[in-house]
Amino acid sequence: MARVLLKNVSKLYNDVVAVKNIDLTIEDKEFVVLVGPSGCGKTTTLRMIAGLEEVSEGQIFIGDRLINDVAPKDRNIAMVFQSYALYPHMKVYDNMAFGLKLRGMKKKEVDERVHEAGEILGLSNLLDRLPKQLSGGQRQRVALGRAIVRNPQVFLMDEPLSNLDAKLRVQMRAQLQKLHHQLGATIVYVTHDQIEAMTLGNRVAVILNGELQQVDVSMTVYGKPANRFVAGFIGSPPMNFFKGTIRKKDNVYSFECEGFKFDVPADVDGLLAGYVEKEVTFGIRPEDIWDVPSSGWIDQKFLIETKVDFRELMGSETYVYVKAGATAFIGRVGAMADPQPGSAFGLAFNLRKIHFFDPATQKAII
């Protein structure tokens with residue numbers, strides 16, 4: 001395997017900037033996920049690594065080799081696409097062996113590689129079947145097997161699970177994690193599904209409008225988002241946002257908006273010193289808003305009385321949709337809570353889990 005290095009990489013289509021000055025290092029044997037909304041440039045970035053798109057500016061290295069002008073077939077990479085792209089008239093064995101045969105590899109080595117990949121992916125008993133005789137998950141495993149047999153330096157995966165149903169996606173995520181550990185592979189994975197990004201990657205690279213917004217381990221991206229976009233994109237349901245003003249009285253900082261006001265914990269309030277009497281955006285995740293009886297363990301909290309619009313019963317928990325002033329937001333409450341639409345309902349904000357963002361730069365303050 002090998003390290004992948006992108007240095008100030010950009011892609012322009014005439015005057016349209018699809019990817020802008022991306023600097024990213026993917027270490028040897030690392031699993032990095034590129035995530036972002038549709039059209040953000042993540043697939044274009046992957047295709048430039050693969051050689052399917054030319055780099056307009058910047059350099060791409062695999063290992064110590066500059067590959068900007070290297071043909072795709074000579075980059076020693078393997079790509080797994082969203083569509084399985086299997087040959088319908090070929091059996092599983094032949095689909096996996098086809099690329100090796102084109103390279104002129106000896107029959108014995110081809111056979112060894114195919115059976116080894118089949119064993120890893122649980123396809124050993126399916127090698128004589130045609131693609132039409134397989135389920136969606138099995139076809140995707142064949143597509144992965146076709147990549148594995150090549151023994152590439154880098155695996156590139158472009159939304160490989162998006163055609164699968166929800167249950168199969170969960171199973172295949174586990175399969176991909178297991179595969180990564182077994183192969184010790186360098187994997188660059190593209191998805192718009194932030195759950196896939198959070199669960200699969202050693203690190204997550206969030207992209208918007210062709211620019212990297214944040215690159216870090218998943219829990220840091222989730223717990224300490226670099227800006228409002230990352231905060232709102234990562235997490236389901238998304239973070240709640242409120243526009244308001246920072247006040248200061250008797251050395252106590254507070255946040256005030258339509259519908260409520262609370263004092264900011266003293267251990268972080270100093271970060272707001274430059275925002276007194278200025279507008280900021282306050283953010284808090286639904287899982288950090290609880291029904292009052294369930295919030296007894298929270299040492300610093302703010303209580304608010306709200307009115308229930310509607311609720312989503314999830315079994316082990318309930319999402320309650322409420323309003324503070326004119327601002328709608330979501331709380332995640334305990335399974336025993338029974339918020340009825342139209343009724344008053346008390347909620348507690350966990351003030352240990354609050355975020356503030358600069359409305360001009362969108363960057364995180366806290």
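Position labels on residues start from 1 in each chain and follow its written sequence. Only residues with pLDDT of at least 70 are given local features in this predicted model, and only at 80 or more are side-chain atom pairs given and counted; all residues enter the totals for whole chains, interfaces and linings. Only heavy atoms go into the side-chain values, all of them from the structure, while hydrogens and water stay out.

Novice: I'm lost on the side chain of Thr245 in this one. Help?
Specialist: The way it works is that DSSP assigns letters per residue, a run of H or I at least four long becomes a helix, a run of E at least two long becomes a strand, and they are numbered from the N terminus. If you trace the backbone, Thr245 turns up in strand β11 (residues 240-249). Pairs of residues are marked as contacts when any of their non-hydrogen atoms sit within 4.5 Å. In contact with Thr245, other than residues within four places in its own chain, are Ser254, Phe255, Glu256, Glu277, Lys278 and Glu279.

Novice: Please clarify how the sheet that holds strand β9 (residues 203-208) should be interpreted in this entry.
Specialist: The strands that make up a sheet pair up through hydrogen bonds in the backbone, lying either parallel or antiparallel. Pairing between two strands is assigned when DSSP locates at least 2 bridges connecting them. One open sheet accounts for six strands, arranged β6-β7-β8-β3-β9-β10; its pairing is mixed. Looking at the sheet topology across the chains shown, the edges are occupied by β6 (77-80) and β10 (211-216). The sheet shows a mean angle of 15 degrees between the axes of neighbouring strands, direction not considered. Inspection of the sheet shows β6 paired to strand β7 (residues 154-158) by four bridges, in the parallel sense. Paired with Ala78 across the strands is Phe155, a residue of β7. Helix axes are fitted to C-alpha atoms over the stretch in contact, other axes to C-alpha atoms as well, and angles between N-to-C directions run from 0 to 180 degrees.

Novice: Where do I start with the packing of aromatic side chains in this structure?
Specialist: The description of two aromatic rings rests on the distance between their centres and on the angle between their planes. Stacked, edge-to-face and tilted are the three classes for Phe, Tyr and Trp ring pairs, Trp counted by its six-membered ring, which pair at centre distances within 6.5 Å; planes under 30 degrees apart are stacked, over 60 edge-to-face, the rest tilted. Scanning the model with the defined rule gives 23 aromatic pairs in all. Plain terms: the ring middles of Phe255 and Phe262 are 5.8 Å apart, the flat faces sit at 45 degrees to each other, and that makes the pair tilted. Accessible area is worked out with a 1.4 Å probe on protein chains only. A residue is then buried under 20% of its type maximum, exposed over 50%, and partly exposed in between. Taking relative accessible area as the criterion, Phe255 reaches 0% and is therefore assigned buried. A relative accessible area of 3% places Phe262 in the buried class. Seen from their ring centres, Phe282 and Phe356 are 5.5 Å apart, and the 40 degrees between their planes marks the pair as tilted.

Novice: I would appreciate a short explanation of the pattern of salt bridges in the present structure.
Specialist: Here, a salt bridge means any side-chain nitrogen of Lys or Arg that lies within 4 Å of a carboxyl oxygen of Asp or Glu. Evaluated as defined, the whole model comprises twelve salt bridges. Between Asp94 and Lys101 there is a salt bridge, and its shortest N-O distance comes to 3.5 Å. We classify Lys101 as partly exposed; its relative accessible area is 47%. The partner of Glu109 in a salt bridge is Arg113, with the nearest N and O atoms 3.2 Å apart. Taken together, the residues span about one helical turn, with Glu109 and Arg113 both in helix α3 (residues 107-121) at a distance of four residues. A residue is classified by how much of its surface remains accessible, and Glu109, at 34% relative accessible area, is partly exposed. Its relative accessible area of 21% is what places Arg113 among the partly exposed residues.

Novice: Explain the packing of helix α4 (residues 136-148) against helix α5 (residues 166-183) here, please?
Specialist: The relative placement of two packed helices comes down to the angle between their axes together with the axis-to-axis distance. Where α4 contacts α5, the axes come no closer than 11 Å and their chain directions differ by 20 degrees. Here α5 runs roughly parallel to α4, going by the angle between their axes. In this structure, α4 crosses over α5, and the sense of that crossing is right-handed. Contacts from Gly137, Gln140, Arg141, Leu144 and Ile148 in α4 reach Leu168, Met172, Gln175, Leu176, Leu179 and Leu183 in α5. Each residue gets one of three labels, nonpolar for Ala, Val, Leu, Ile, Met, Phe, Trp, Tyr, Cys and Pro, charged for Asp, Glu, Lys and Arg, and polar for the others, Gly among them. Across the contact of α4 with α5, the residue classes tally to seven nonpolar, three polar and one charged. For classification purposes, an angle smaller than 35 degrees is called roughly parallel, one larger than 145 roughly antiparallel, one from 65 to 115 roughly perpendicular, and anything else oblique. Crossings are sorted by hand: turned counterclockwise from the far helix by less than a right angle, the near helix makes the crossing left-handed, and turned clockwise it makes it right-handed.

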